[in-house]
Amino acid sequence: MKHTLELLEDAAQQVHAVITPTLQYNWPLLATRCGCEVWVKHENHTPIGAFKVRGGIIFMNDFAKSGNTQGIITATRGNHGQSIGFAARSAGVAATIVVPGGNSNEKNAAMAALGARLLVHGQDFDEAHEFAVATAAKDGLSFVPSFDTRLVRGVASYSLELFGAVKELDAVYVPIGLGSGICGAIAARDALGLRTEVVGVVSEKAPAYALSFEAGKSVASNSADTLADGVACRVPDMEAVEIINNGASRIVTVSENEIKDAIRAYYTDTHNLAEGAGATALAALLKEKDRMKGKKASVVLSGGNIDTDIYRAILAGN
């Protein structure tokens, strides 16, 4: 589906009726580190500490219009679940959220605090997703996917804010989980007729979208065991792959150590909290420092929901 500027602006109005736009800052120390003008889009400053709340608002607004009063179910590693839990609570809809074993304790607690029923199943996101789909059919619940055109329209609002506030960006670096964030950035860029490069970022331990970009078709990876749980996807969404392969300039793969370095850089240079996925965009820009020297870039700090013990260890250099 083509996302016209009118559709995206309508979605942004719905989002802004619930949350305020986030800011973007050009931090001097970070610019020095990166060797270019760099604008951080602070999606870690939403009510759930991540960009996905925007998509949940649009999805649940549409769900409410359908008159469907049955409960919903979804699968997540955390931020998508918080988004759906946040929006479902506002709509008065019962939400069940499936997470894999070993998921972030603090993200689990945040979802439960929103009133969601939490189920633990599987070893990774994709196994939790399969269980959620089966449970929806068995219990008569409405399944909420992690990639959907309504989610894309909602999260595109952060890119509209960014492109409206910062003119003539050479590139924007966006983490790729299942793809709503980068597809929203591509949709907003195209609707505004801009020439900004949209650069996707994945972990080397969860390379499905990089493999799919290289192959020109959807390619699953064998594992997604990365500290950046927000990008820990094994099986890419085929619709997202098509949008990304047609609209992104490239996909950068970053290592676990590069992600940790970026988490530390965010703290040192901006005193902002970044979760693993939230730090990947900065990790990619730092990796492409020579390529971007003297240019104007933005990095999406997509979330700041990182467990305390993990964050403490990273800051300590572990």
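The structure under discussion appears in the preceding block.
Residues numbered from 1 in each chain as written. Predicted model: local features only at pLDDT ≥ 70, side-chain atom pairs only at ≥ 80, totals over all residues. Heavy atoms only, no water.

(A) Here's a closer look at the overall build of the protein. Within the protein, the secondary structure is distributed over 13 helices and 10 strands. Over its C-alpha atoms the protein spans a radius of gyration of 18 Å, differing by no more than 12% from the 20 Å that the globule rule assigns to 318 residues. When the backbone C-alpha atoms are referred to their principal axes, the protein occupies close to 55 × 45 × 40 Å. Going through the 318 residues of the protein one by one, you find that 58% of them count as buried. Across the protein, contacts joining residues at least 24 apart in sequence account for 73% of those joining residues at least 6 apart. (Helix = DSSP H or I, 4+ residues; strand = E, 2+ residues; numbered from the N terminus. Rg over C-alpha atoms; globule rule 2.2 N^0.38 Å. Buried < 20%, exposed > 50% of the residue type's maximum accessible area, 1.4 Å probe, protein only. Contact = heavy atoms within 4.5 Å.)

(B) Spotlight on the packing of helix α1 (residues 5-16) against helix α3 (residues 53-65). Axis separation between α1 and α3 bottoms out at 9 Å; the angle between their running directions is 100°. By the angle class used here, α1 and α3 are roughly perpendicular. Of the residues in α3, those touching α1 at A11, Q14, V15 and H16 are R54, I57, I58 and N61. Class assignment for the residues of the contact of α1 with α3 results in four nonpolar, three polar and one charged. (Axes fitted to C-alpha atoms, helices over the stretch in contact; angles between N-to-C directions. Parallel < 35°, antiparallel > 145°, perpendicular 65-115°, else oblique. Nonpolar A, V, L, I, M, F, W, Y, C, P; charged D, E, K, R; others polar.)

(C) Broad picture of the pattern of salt bridges. Tallied over the full model, the rule gives 17 salt bridges. We note a salt bridge from R33 to D269, for which the minimum N-O separation is 2.6 Å. Here R33 is found in helix α2 (residues 28-34), whereas its partner D269 is found in helix α11 (residues 256-270), with 236 residues between them in sequence. Assessed through its relative accessible area of 32%, R33 is described here as partly exposed. Linking E288 and R291 is a salt bridge whose minimum nitrogen-to-oxygen distance equals 3.9 Å. Judged by its relative accessible area of 47%, R291 falls in the partly exposed class. Through salt bridges with shared partners, one network takes in K41, E43, R54 and E161. (Salt bridge = Lys/Arg side-chain N within 4 Å of Asp/Glu carboxyl O.)

(D) Layout of the pairing of strand β4 (residues 95-99). Of all the five residues making up β4, five are buried; the element is thus mostly covered by neighbouring parts of the structure. Here β4 shows two buried faces, one formed by A95, I97 and V99 and the other by T96 and V98. With four bridges connecting them, strand β3 (residues 72-75) and β4 associate as parallel partners. Looking at the pairing, I72 lines up with A95 of β4. When β4 meets strand β5 (residues 117-120), the two strands line up parallel, connected through four bridges. Residue pairing in the sheet places I97 in a bridge with L118 of β5. For the segment spanning β4, helix α5 (residues 105-113) and β5, crossover handedness is right-handed. (Pairing = 2+ DSSP bridges. Right-handed = clockwise from strand over helix to strand, strands pointing away.)

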